[in-house]
Protein chains: 2
Amino acid sequence: MSPEQEIPSPEKISKKAAKKEASKLEKLRRKQEREQQSEESIRTTTITSLEEEDESFSRNYGDVTIPEIKSTNDSNSGKWREAIEGKSWIDMKNLTKEMIGLEVLIRGRVNTNRPVSSKLGFMTLRQTGGEVSVQCVGIASEEMKVSVKMIRFMKQLSCESFVDVIGVVALPKDPVIGTTQEVEIQVRKVFCVDRVKEEKLPLNVEDAARSKADIQAGKPGANQDTRLNNRVIDLRTPANQAIFRIQSHVQMAFRELLASKDFIEIHTPKLMAGSSEGGSAVFRLDYKGQSACLAQSPQLHKQMAICGDLRRVFEVGPVFRAEDSFTHRHLCEFVGLDVEMDINKHYSELMDLVDELFVCIFTKLNERCSKELEAVRNQFPFQPLKFLPKTLRLTFAEGIEMLKEAGEEVDPLKDLNTESERKLGQLVLEKYNTEFYILHRYPLAARPFYTMPCADNADYSNSFDVFIRGEEIISGAQRVHIPELLEERAKEIGIDVTAISTYINSFRYGAPPHGGFGVGLERVVMLFCALDNIRKTSLFPRDPQRLAP
Amino acid sequence: MSPEQEIPSPEKISKKAAKKEASKLEKLRRKQEREQQSEESIRTTTITSLEEEDESFSRNYGDVTIPEIKSTNDSNSGKWREAIEGKSWIDMKNLTKEMIGLEVLIRGRVNTNRPVSSKLGFMTLRQTGGEVSVQCVGIASEEMKVSVKMIRFMKQLSCESFVDVIGVVALPKDPVIGTTQEVEIQVRKVFCVDRVKEEKLPLNVEDAARSKADIQAGKPGANQDTRLNNRVIDLRTPANQAIFRIQSHVQMAFRELLASKDFIEIHTPKLMAGSSEGGSAVFRLDYKGQSACLAQSPQLHKQMAICGDLRRVFEVGPVFRAEDSFTHRHLCEFVGLDVEMDINKHYSELMDLVDELFVCIFTKLNERCSKELEAVRNQFPFQPLKFLPKTLRLTFAEGIEMLKEAGEEVDPLKDLNTESERKLGQLVLEKYNTEFYILHRYPLAARPFYTMPCADNADYSNSFDVFIRGEEIISGAQRVHIPELLEERAKEIGIDVTAISTYINSFRYGAPPHGGFGVGLERVVMLFCALDNIRKTSLFPRDPQRLAP
């Protein structure tokens with residue numbers, strides 16, 4: 001048998017190389033045929049009945065034994081080791097028509113298992129949560145050394161078990177419904193790598209993958225707590241696989257753009273003395289006899305990095321909030337994408353970056369994640385995000401004006417509540433045809449003490465929030481870098497200056513004007529895909545009632 | 001005046017474009033000259049003495065006022081706003097001979113300030129921690145509207161203050177010692193953006209930047225606690241600037257390689273019920289009335305991600321250890337680079353990845369960070385890391401044998417202590433000429449309960465450690481994915497199985513054979529640069545006695 005590693009992925013083959021590839025596959029096919037014929041001629045035993053198999057039949061299937069799975073190098077340690085000797089696994093996504101007639105080794109989860117007769121069985125295997133699946137056909141056959149006992153073994157493989165199949169790529173008589181690959185595998189050998197022994201799973205992947213429409217039509221679904229309690233099963237749905245791939249791509253695009261602009265990635269401590277923003281909703285703990293808390297944001301330390309001349313920094317890391325928020329958009333632990341940079345003369349420099357950064361992220365997601373976005377859409381239908389090539393900026397006062405014109409009662413010097421934010425999102429969409437925009441010059445009273453007040457009106461501040469589909473995802477501002485002004489601001493809102501002296505002192509040794517912003521990673525993915533709950537975009541969510549799994 | 005944003009960075013100019021660029025700069029120069037002449041003709045006032053300046057002189061210098069720094073758009077709000085109107089800052093690194101004669105606007109920290117006479121002053125400004133610096137010359141001159149009062153103002157600018165200088169690029173008569181740029185700036189206008197008011201800084205950047213050799217030769221240095229207590233100043237040294245750039249590049253290279261191999265980046269929760277590895281050195285806290293702890297590693301959750309079919313995952317995030325370790329290589333909070341992946345048949349698949357990944361990281365660091373490595377070397381001399389294109393792998397037993405041959409007393413079934421690890425590192429260097437190698441098949445007793453035992457000898461395990469310069473930086477293994485075996489192993493070493501039931505149950509619904517490894521980011525940078533203390537590679541280190549800044 002030839003090693004399959006020689007078969008390159010068809011995806012990587014350019015048209016020019018396709019011909020060469022075809023002839024290579026043809027050679028490999030002929031070689032495998034010759035080897036099979038020679039195996040046949042060596043065979044001396046004769047089988048009288050498919051029911052009574054001899055050694056050469058029974059070696060073609062079985063459970064992988066524990067000694068075998070422990071990374072032994074000994075190919076005599078068991079049937080599985082013997083069967084895979086010299087072979088390489090190929091990804092199911094690479095199983096295409098070009099490979100018809102070739103013998104391959106694949107590994108996947110049992111997705112469905114349909115017995116037909118004592119001599120025939122159909123099993124589908126899937127990889128990466130149902131993104132790719134292929135049908136494996138077992139037919140009892142003396143010539144192929146596939147016994148009825150092997151078909152029986154195959155039929156007993158429980159769903160979600162991991163299985164290795166060695167078989168020949170073939171074109172099915174009728175197109176297979178419910179698999180992604182157009183070819184099927186005619187099983188020669190089958191081994192169970194990891195068997196699910198539970199009689200009934202606490203959650204079926206199929207149920208977890210159902211759309212609202214299907215559930216309304218009467219098919220079984222799964223509620224959120226069942227899903228989250230059994231996250232290792234829930235994560236296997238196509239939509240969840242896609243969500244965490246999209247999340248990975250958001251970070252990648254975020255870093256790519258910032259790195260191209262000379263930002264460096266830093267890591268600030270999550271354990272700190274005092275509370276990170278002087279807030280109350282912090283998790284407290286004992287640190288070697290000292291009173292400590294978990295950082296509510298990397299705010300103070302990323303500013304200190306700027307004072308330390310790192311000039312342009314970003315961080316991707318956990319943020320802890322002990323708030324008792326039971327909404328669809330709050331978590332007690334989430335991933336913060338944080339940016340801090342020196343500015344030359346105006347906080348609009350920060351908004352310029354937000355604009356470029358997010359237009360870049362959205363564009364790259366649409367380009368790179370089309371399959372993933374479709375997988376999400378199949379379960380949770382949504383319209384693509386509407387955004388402008390140059391992001392709309394409105395002042396807070398302009399936003400208030402729009403709300404007032406629409407008959408909303410809003411206080412012009414207080415923060416907007418969730419309801420008003422949503423309403424304003426609608427008005428902006430109607431007027432400017434965008435679901436992504438920046439609202440700036442927030443009332444000073446609505447922002448933390450370290451926010452720089454506006455030059456022309458101390459009721460307002462050099463700050464901004466950014467919205468997707470009517471919900472806030474980014475908060476940013478120019479910071480107060482003058483220690484005297486910082487003390488004054490802290491005192492004004494009743495913060496004990498001595499408690500934050502480390503922070504304030506950081507600015508006494510020369511600090512450039514600077515600012516930054518913070519983004520919630522889970523919110524970006526949630527709102528880009530118009531999902532209804534942030535728990536859908538957190539791998540293992542933490543809320544006031546959930547600390548496990 | 002023309003906006004300087006039109007001047008592209010000379011670094012970006014190819015040889016082909018250089019000619020075009022020169023003509024562009026020449027045009028800009030002529031335009032600036034014409035504008036200056038026209039300004040001259042408009043001027044009506046006459047100055048009798050440089051001591052008695054009029055309005056047109058006094059507008060060329062001063063402190064930036066608070067209203068001006070608050071991002072005002074009003075160019076009439078002060079002298080600085082007026083001076084910078086229509087101008088853009090350029091980075092000092094872009095100041096080259098090609099720009100001689102052009103007027104530029106730069107911002108930097110005052111590095112040195114040397115008064116010569118009442119009419120002459122020299123000041124050097126630096127950017128990004130001394131990496132780049134330029135000399136600014138102030139000469140009192142009626143023609144240039146530079147008064148003696150302005151020279152006096154310039155002389156009083158304290159070190160570490162941020163200053164904006166508008167001036168003309170010129171070639172100094174004598175080469176300037178102690179600056180990086182070959183050109184100097186003839187000051188026309190100077191504004192103090194942020195002034196250091198402290199009489200004496202708690203740490204001088206110059207002292208913090210001294211090498212051991214200089215200190216031994218009698219120059220003042222700074223001890224580690226003074227540095228860390230004043231990290232915002234300490235970070236400004238060229239070596240520290242370089243260290244955190246190198247660290248950023250380590251992460252970038254780590255992610256680039258993994259992304260190219262279909263790994264996705266995940267974030268696991270840091271807040272968890274119970275303790276993450278059943279260990280004792282955890283930080284405990286109250287989580288809404290529940291008992292919680294901080295994750296000692298993402299171990300359990302990254303394995304759960306594999307059970308959830310994410311197949312190949314990595315994470316970059318904080319790791320918390322409440323151990324009372326006061327060594328040069330332990331922190332209570334550090335950045336973990338974690339990897340977990342399904343494996344087909346052998347834990348060597350993990351070592352193959354470690355090999356490729358780290359050879360790639362080291363190679364990229366040498367390529368991309370040559371300047372940074374030199375900056376570190378200037379203060380902390382070190383020899384480049386010796387590593388092989390294909391990483392050496394030794395079994396633990398082979399390592400023990402080498403130690404025994406060298407006369408070391410070592411227990412073959414216990415973990416190596418730091419001393420033996422260092423000794424083995426020396427022996428390996430002598431024999432194989434590498435300071436980077438993998439030691440695998442560790443004694444089972446030396447590894448956590450979830451480590452897969454070896455197939456052929458249950459005294460050993462499918463695990464490995466990786467060493468740089470005789471110190472461990474990576475720990476990895478194949479995991480036990482069979483729930484019954486996992487329970488058995490936990491019981492054997494006295495872990496309460498019910499306390500880790502969530503973890504064990506994750507493997508009951510089908511799990512692929514898998515494994516992974518964890519790396520300490522700070523250790524990679526420390527050992528690549530042969531630094532003597534891990535606190536040098538942590539931005540704001542946390543050890544049993546340090547929780548601030």
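Our subject is the structure that appears above.
Residues numbered from 1 in each chain as written. Chains lettered and ligands numbered in written order. Predicted model: local features only at pLDDT ≥ 70, side-chain atom pairs only at ≥ 80, totals over all residues. Heavy atoms only, no water.

### A look at the overall build of chain A
Across its full length, chain A carries 18 helices and 17 strands. Principal-axis analysis of the C-alpha atoms gives chain A an extent of 95 × 55 × 50 Å. Going through the 549 residues of chain A one by one, you find that 59% of them count as buried. For chain A, long-range pairs separated by at least 24 residues make up 69% of all intrachain contacts whose partners lie at least 6 apart in sequence. Accessible area for chain A stands at about 22300 Å²; split by element, carbon and sulfur atoms hold 48% of it. Each charge class in chain A was averaged separately, 76 positive and 82 negative side chains, and the resulting centres sit 4 Å apart. (Helix = DSSP H or I, 4+ residues; strand = E, 2+ residues; numbered from the N terminus. Buried < 20%, exposed > 50% of the residue type's maximum accessible area, 1.4 Å probe, protein only. Contact = heavy atoms within 4.5 Å. Areas by Shrake-Rupley, 256 points an atom, 1.4 Å probe, with all protein chains shown as cover. Lys, Arg positive; Asp, Glu negative; His and termini not counted. Charge placed at Lys NZ, Arg CZ, Asp CG, Glu CD.)

### Looking at helix H11 (residues 299–307) of chain A
All names here are of chain A. Within H11, 9 of the 9 residues are buried, leaving the element largely enclosed by the surrounding structure. Of all the positions in H11, only Gln299, Leu300, His301, Lys302, Gln303, Met304, Ala305, Ile306 and Cys307 are classed as buried. Where H11 terminates, the next one or two residues include Asp309, which has phi positive at roughly 70°.

### Concerning the sheet that holds strand E16 (residues 471–478) of chain B
Residues and elements named next belong to chain B. The mixed open sheet is built from 8 strands, whose spatial order is E7-E11-E12-E17-E16-E15-E14-E13. Among the strands making up the open sheet, the edge pair consists of strand E7 (264–265) and strand E13 (392–395). Where strand E12 (residues 333–342) lies against strand E17 (residues 514–520), 7 bridges are found, and the strand directions are antiparallel. Within E17, the residue paired with Val339 across the bridge is Phe517. Relative to the sheet, helix H14 (residues 396–405) contacts E13 and strand E14 (436–440), its axis offset from that of E13 by approximately 85°. (Pairing = 2+ DSSP bridges. Axes fitted to C-alpha atoms, helices over the stretch in contact; angles between N-to-C directions.)

### Describing the side chain of B:Arg245
Residue placement: B:Arg245 occurs in helix H10 (residues 238–260). A residue is classified by how much of its surface remains accessible, and B:Arg245, at 13% relative accessible area, is buried. In contact with B:Arg245, not counting residues within four places along its chain, are A:Ile264, A:Leu310, B:Thr128, B:Glu131 and B:Glu372.

### What about the interface of chain A and chain B?
Facing the 113 residues of chain A at the interface are 113 residues of chain B. Both faces combined, the contact of chain A with chain B buries some 9400 Å², and carbon together with sulfur accounts for 58% of it. Here chain A and chain B share 14 salt bridges between them. Remark: the boundary between chain A and chain B carries 61 residue pairs in polar contact (both at pLDDT 80 or more). Considering every element that reaches the side of chain A that touches chain B, the biggest residue donor is helix H10 (residues 238–260) of chain A, with 8 residues. Here the residues of the side of chain A that touches chain B are counted per class, giving 57 nonpolar, 24 polar and 32 charged. (Buried area = accessible area lost by both parts, 1.4 Å probe. Salt bridge = Lys/Arg side-chain N within 4 Å of Asp/Glu carboxyl O. Polar contact = N/O pair within 3.5 Å; in protein donor to acceptor, adjacent residues only side chain to side chain. Nonpolar A, V, L, I, M, F, W, Y, C, P; charged D, E, K, R; others polar.)

### Details of the pairing of strand E15 (residues 463–468) of chain A
Residue and element names in this part refer to chain A. For E15, a buried count of 6 out of 6 residues is recorded, marking the element as mostly surrounded by other parts of the structure. Side chains Ser463, Asp465 and Phe467 of E15 all project onto a buried face; the interleaved residues Phe464, Val466 and Ile468 project onto the opposite face, where all are buried too. When strand E14 (residues 436–440) meets E15, the two strands line up antiparallel, connected through 5 bridges. When the sheet's bridge partners are listed, Ile438 is paired in E15 with Val466. Pairing analysis gives 6 bridges linking E15 to strand E16 (residues 471–478), with the strands arranged antiparallel. Of the residues in E16, the one forming a bridge with Val466 is Ile474. Hairpin geometry of E15 and E16 is characterised by an intervening segment of 2 residues between the two adjacent antiparallel strands and by a positive phi of about 45° at Arg469.

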